[in-house]
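# An overview of the molecular structure
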Amino acid sequence: MAMFEKKMAAAGGAGSGDVDSGYAWGRLVLTLILGTVACVGNWSVVVLLPTLQVEFDTVRGGASLPYTCTMLGFAFGGVVMGRLADRVGIVVPVLIGAFLLCIGYIMAALTTNIWQFAACSAVIGLGSAAGFAPLISDLSLWFSKHRALAVAFAASGSYLSGAVWPMAIEHFQTTQGWRATHVGIGIFIPLVMVPIGLLLKRRLQTLTYVQAEAVTEAARNELGLSPNALQVVLVVAGFACCMAMSMPQVHIVAYCGDLGYGVAVGTQIIALMLGLGVVSRLASGAVADRIGAGPMLILGSSMQAAALLLYLFFNSKSSLYVISGLFGLFQGGIVPMYAVIIRKYLPPREAGIRISLVLMATVLGMACGGLAAGYIFDATGSYRLAFLHGFLWNCVNLALVSWLILWPRLRRRQQAMAT
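Counting restarts for each chain, with residues numbered from 1 along the sequence as it is written. At least 70 in pLDDT is required for a residue's local features to be given in this predicted model, at least 80 for side-chain atom pairs to be given and counted, and no such filter applies to totals for whole chains, interfaces and linings, which use all residues. Values shown for side chains rest on all heavy atoms present in the structure; no hydrogens or waters enter the calculation.

## Topic: the overall build of the protein
Definition in use: Strands are runs of DSSP state E lasting at least two residues, helices are runs of H or I lasting at least four, and both sets are numbered from the N terminus onward. For a compact globule the rule gives 2.2 Å times the number of residues to the power 0.38, and the radius of gyration it is set against comes from C-alpha atoms. Only protein chains enter the calculation, and the probe is 1.4 Å; a residue is then buried if its accessible area is under 20% of its type maximum, exposed if over 50%, and partly exposed in between. It only takes one pair of heavy atoms within 4.5 Å for two residues to be counted as in contact. For the area figures, the Shrake-Rupley method with a 1.4 Å probe applies, and any residue is considered shielded solely by the protein chains shown. Counted as positive: Lys and Arg. Counted as negative: Asp and Glu. His and the chain ends are not counted at all. Here the site of a charge means atom NZ of a Lys, CZ of an Arg, CG of an Asp or CD of a Glu.
Helix and strand counts for the protein come out as 17 helices and 0 strands. What you see for the protein is a C-alpha radius of gyration of 21 Å, in line with the 22 Å of a compact globule of 419 residues. The principal-axis extents of the C-alpha atoms in the protein amount to approximately 65 × 55 × 30 Å. Across the 419 residues that make up the protein, the buried fraction comes to 58%. Partitioning the contacts of the protein with sequence separation of at least 6, the portion at a separation of at least 24 is 84%. Of the roughly 15800 Å² of accessible surface on the protein, 69% is carried by carbon and sulfur atoms. Averaged over its 25 positive side-chain charges, the protein has a centre that lies 7 Å from the centre of its 15 negative ones.

## Some remarks on empty space enclosed by the protein
What counts is decided by this rule: Cavity: a set of points on a 1 Å grid over the protein atoms alone where a 1.4 Å probe fits but cannot get out. Pocket: an open set with protein on both sides within 12 Å along at least five of seven lines, its lining residues, like those of a cavity, having an atom within 4 Å of a point. Grid points are joined across faces, edges and corners, and a volume is the space filled by probe spheres set on the points. Residue type decides the class: Asp, Glu, Lys and Arg count as charged, Ala, Val, Leu, Ile, Met, Phe, Trp, Tyr, Cys and Pro as nonpolar, and the leftover types, Gly among them, as polar.
The full count for this structure, using the stated rule, is 3 cavities of 30 Å³ or more. Here the largest cavity defines a volume of roughly 200 Å³. Lining the largest cavity are 16 residues, and of these Asn 42, Phe 132, Ser 158, Tyr 159 and Met 366 lie nearest its centre. For the lining of the largest cavity, the secondary-structure elements that each account for two or more residues are helix 3 (40–55), helix 4 (60–88), helix 8 (147–175), helix 11 (227–258) and helix 16 (351–380). Taken together, the residues that form the lining of the largest cavity break down as 11 nonpolar, 4 polar and 1 charged.

## Considering the packing of helix 5 (residues 91–108) against helix 6 (residues 114–128)
Stated formally: The angle between two axes is taken between their N-to-C directions and runs from 0 to 180 degrees, where each axis is a line fitted to C-alpha atoms and a helix contributes only its stretch in contact. Reported orientations rely on four angle classes, namely roughly parallel under 35 degrees, roughly antiparallel over 145, roughly perpendicular from 65 to 115, and oblique for the rest. Should the near helix be turned anticlockwise from the far one by less than a right angle, the crossing is left-handed, and should it be turned clockwise, the crossing is right-handed.
The geometry of helix 5 relative to helix 6 is characterised by a closest axis approach of 7 Å and an angle of 160° between their N-to-C directions. If you check the angle between helix 5 and helix 6, you find them roughly antiparallel. Here helix 5 runs over helix 6; the crossing is left-handed. For the pair helix 5 and helix 6, contact is made by Gly 97, Leu 100, Leu 101, Gly 104, Tyr 105, Met 107 and Ala 108 and by Phe 117, Cys 120, Val 123, Ile 124, Leu 126, Gly 127 and Ser 128, respectively. Class assignment of the residues belonging to the contact of helix 5 with helix 6 gives a composition of 10 nonpolar, 4 polar and no charged.

## Thoughts on the environment of His 251
The cut-off we apply is this: Identification of polar contacts relies on pairs of N or O atoms within 3.5 Å, with a donor-acceptor requirement for protein atoms, meaning one able to donate a hydrogen and the other able to accept it, and with residues adjacent in sequence counted only if both atoms are side-chain atoms.
Note that His 251 resides in helix 11. Residue His 251 is classed as buried on the basis of its relative accessible area of 0%. Residues within four places of His 251 in sequence aside, it is in contact with Ser 64, Ser 246, Gly 370, Ala 373, Gly 374 and Tyr 383. From its side chain, His 251 meets the backbone oxygen of Gly 370 in a polar contact 2.8 Å long. Separated by 2.9 Å, the side chains of His 251 and Tyr 383 make a polar contact.

## Structural notes on the environment of Ile 124
Mapped onto the elements of the fold, Ile 124 is located in helix 6. The spatial distance from the C-alpha of Ile 124 to the C-alpha of Gly 73 is 7.3 Å, given a sequence separation of 51 residues. The residues touching Ile 124, leaving out its near neighbours within four places in the chain, are Gly 41, Leu 101, Gly 104 and Tyr 105.

## A closer look at the side chain of Asn 394
Tracing the sequence through the fold places Asn 394 in helix 17 (residues 384–418). Excluding its chain neighbours within four sequence positions, the residues that come into contact with Asn 394 are Ala 240, Ala 244, Ser 301, Gln 304, Ala 305 and Leu 308.

## Section: a nonpolar patch on the surface
Our working rule: What goes into a patch is any residue over 30% in relative accessible area without a salt bridge, connected to like charges within 9 Å or, for nonpolar side chains (Val, Leu, Ile, Met, Phe, Trp, Tyr), within 5 Å. Any carboxyl oxygen of Asp or Glu within 4 Å of a side-chain nitrogen of Lys or Arg constitutes a salt bridge here.
A cluster of nonpolar side chains, Phe 99, Ile 103, Met 107 and Leu 110, forms an exposed patch at the surface whose accessible area comes to about 420 Å². Assignment of secondary structure puts Leu 110 in the loop between helix 5 and helix 6.

## Details of the packing of aromatic side chains
Put simply, the rule reads: Put simply, two rings from Phe, Tyr or Trp (the six-membered ring, in Trp's case) pair if the centres are within 6.5 Å, and we call them stacked under 30 degrees between planes, edge-to-face over 60, tilted for the rest.
As enumerated under the stated definition, the model contains 13 aromatic pairs in all. Each ring, one from Phe 117 and one from Trp 178, has its centre 5.5 Å from the other, and the planes form 75°; the classification is edge-to-face. Within this pair, whereas Phe 117 is found in helix 6, its partner Trp 178 is found in helix 9 (residues 178–198), the two being separated by 61 residues in sequence. Here Phe 117 matches Trp 178 in class, with each residue buried. Taking the centre distance of 5.7 Å and the plane angle of 65° together, the rings of Tyr 255 and Phe 387 count as edge-to-face. Here Tyr 255, found in helix 11, pairs with Phe 387, found in helix 17; they are 132 residues apart in sequence, far enough to count as distant. Assigned by exposure class, Tyr 255 and Phe 387 land together as buried.

## What to know about the state of the cysteines
The following threshold applies: To count as a disulfide, a pair of cysteine sulfur atoms needs to be within 2.5 Å.
Counted by the stated rule, this structure contains 0 disulfides. Between Cys 69, a free cysteine, and Cys 120, which holds the nearest cysteine sulfur, the sulfur-to-sulfur gap is 10 Å. Residue Cys 241 stays outside any disulfide, its sulfur separated by 3.6 Å from that of Cys 242, the closest cysteine.

## Concerning the confidence of the model for the protein
Selection rule: Every residue is assigned a pLDDT by the predictor, reflecting its confidence on a scale from 0 to 100.
Summary statistics for the protein give a mean pLDDT of 85 and a share of 92% for residues scoring 70 or more. Predicted confidence in the protein is weakest over helix 1 (residues 2–12), with a mean pLDDT of 45, and strongest over helix 5, with 95.

Dropping the structure here:
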């Protein structure tokens, strides 16, 4: 590890040259690995949902409760750890996250009812939070020219986790049982996260923050919105988009089971969806560096809405593979764009807390959307209205982000006409 640190330092040079440096790209790789490992908590409960319903003799809405608790822990943990990263750097949040994941998974294996499992899921969510918002905010400080691509890489850890972990968990819970699988995850996580986290102890110099602040202040003046007003718009938009996004991601495994295709097929579909979501995130980052994060956000929201409509009309096995693949390609780039917009307009020293607040809203949207879809299913015996419910929330998101991007242009046009 010491030799790796020396190579990373040699690649980065010193001072403000750290930004967009070879060291920054090496840090990006480590961030992606950490995110992939830490975000296991977001997906293990999705694979386990049908098993929990049988194991603890509950309805679909009740079986969705652990997912909601995971997302709540993930959301609020992201804010706390984001603020901590602003103050002391990224290493401490990563180490705390590894400890919480270890404890949460091992304790979950010992539970005897759905409420105990839900409580452990909240702890797991808190630990997984270290692998998302704090890592994204930290990495965004190390890039300028390729910031959107870098942020997309950091955010891809959660989706890469969703592409890798469900297949592994489904295999081990089939062969070893879900309790033994949870113990194994609890032991594995800190063995990976702790040494990698320690490699990220280097921090940017003060001069770099001063230069970045000057750039964001100029951008804020051009936007014409106060920092807090922009924060509120992004929080509401983030919540709305993930209320829509949660329906396929949380319930596709159970949906496939209800249709008679089996849990294994649902697991394959979610792995496909999230694997293509990684492709989407990286591609959207590259495109956003050229056209801007705002236009990319509008494009992603529009395409996600189109995919949700397709679920209303097609439910054959082959069509679910195709639609879910399209959904992954369409929606993967949405969430990272909020972080890029924040870094463009808001103070860099507040990146951790500002990005975490918006990402908390997206996670709360996932939590509430997943729970709402479960209860809609219990009330109607079908997921049809749940998909429609998600589509309507998507329309709210699209209206907000379109206004946010078009507002500065309209404002400049009005000022030009007035003069």
